[in-house]
Amino acid sequence: MASSSSSPYQLLFSLTVLLLLPLSSLSADPDPLQDFCVANLNATISVNGFPCKPISEVTSEDFFFSGLMNEGNTSNAFGSAVTLGNVLEFPGLNTLGISMNRVDFAPGGINPPHSHPRATESGVVIEGNLLVGFVTTNNVYYYKILSAGQMFVIPRGLVHFQKNVGEGKAHTFTAFNSHFPGAVIFSTTLFASTPSIPNEVLTQTFQVEEEVIKSIKSKFGA
């Protein structure tokens, strides 16, 4: 039999706790507990992130970043270049739950299928025409060709890509709700890992002969 102390106040408290518990899962990074925490990238220890730089060493320059101004070098097999604006490049982002990239594309270039395990991505096309697509966990493919000024969103962790389908160059800016979203690029992850994934695993996975796997690995220097 319940005691009188577990009356409406206890019930209200319990319901409030249950309602608030899921809120912590809505943001990719933990909420900051101070105005800022400029990352000390030289620290010898870190706990799920980077420790703070001493306030006495923080300057205005810690809060500004010019790394996304310049076009990336797209002279590579993919015809694209990703310029990172995460916490490693811009330590002022540490603990703030946000970062940005710039992606440049040569004509026909592709930002190959990949995923971000720690963040949702949104982006806006600045120049050119991009085919943007992602695949859900139910193998449903969503896609659209976007032009300058149009925006897209990729839910956290889903496989996605962007491909330049216009006649000229293209570029986009992308934003993430994490200061360090991470990227799993499937072609290099599967065919250029260290140590290498055994060929028999890949032949069985893709249902092809071993010579096909060897040929693909050779293109990635494995």
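See the structure printed just above.
For the structure given in this document, a descriptive report is provided here. Keep in mind the model is a prediction, meaning the values are calculated, not measured.

Some remarks on the sheet that holds strand 5 (residues 129-135)
In a beta sheet, neighbouring strands pair by backbone hydrogen bonds and run either parallel or antiparallel. Taken in spatial order, the 5 strands of this open sheet run 6-5-8-3-10, and their pairing is antiparallel. Pairing within the sheet leaves two strands with one partner each, and these edge strands are strand 6 (141-147) and strand 10 (184-185). Here 7 bridges tie strand 5 to strand 6, and the two strands are oriented antiparallel to one another. Residue L130 lies in a different strand from strand 6, and its bridge partner there is L146.

Some details on the nonpolar core
Core analysis: the largest hydrophobic core is formed by 11 residues, namely V103, F105, V125, L130, V132, F134, L146, F152, I154, L158 and A170. Mapped by element, the contributors of at least two residues to this core are strand 2 (99-105), strand 5 and strand 7 (151-154). For this core, the element with the most residues is strand 5, which contributes 3 residues. In contact with V132, other than residues within four places in its own chain, are Y142, Y143, K144, L146, F152, I154, F161 and Q162.

Concerning the layout of surface pockets
Approximately 490 Å³ is the volume attributed to the largest pocket. The wall of the largest pocket is formed by 23 residues, among which P30, V47, N48, G49 and H179 lie closest to the centre. Residue composition of the lining of the largest pocket, grouped by class: 11 nonpolar, 8 polar and 4 charged. What the second largest pocket holds in volume is close to 330 Å³. The wall of the second largest pocket is formed by 22 residues, among which V82, L84, N101, A183 and I185 lie closest to the centre. Those elements that place two or more of their residues in the lining of the second largest pocket are strand 1 (80-85), strand 2, strand 3 (110-115) and strand 9 (170-176). A class-by-class count of the residues in the lining of the second largest pocket yields 11 nonpolar, 10 polar and 1 charged.

Rules used throughout
- Residues numbered from 1 in each chain as written.
- Predicted model: local features only at pLDDT ≥ 70, side-chain atom pairs only at ≥ 80, totals over all residues.
- Heavy atoms only, no water.
- Pairing = 2+ DSSP bridges.
- Helix = DSSP H or I, 4+ residues; strand = E, 2+ residues; numbered from the N terminus.
- Core = buried A, V, L, I, M, F, W, Y, C linked by side-chain atoms within 4.5 Å.
- Buried < 20%, exposed > 50% of the residue type's maximum accessible area, 1.4 Å probe, protein only.
- Contact = heavy atoms within 4.5 Å.
- 1 Å grid on protein atoms, 1.4 Å probe; cavity = no way out; pocket = protein on both sides within 12 Å on 5 of 7 lines; lining within 4 Å.
- Points joined across faces, edges and corners; volume = space filled by probe spheres on them.
- Nonpolar A, V, L, I, M, F, W, Y, C, P; charged D, E, K, R; others polar.

Nothing here speaks to function; it is geometry throughout.
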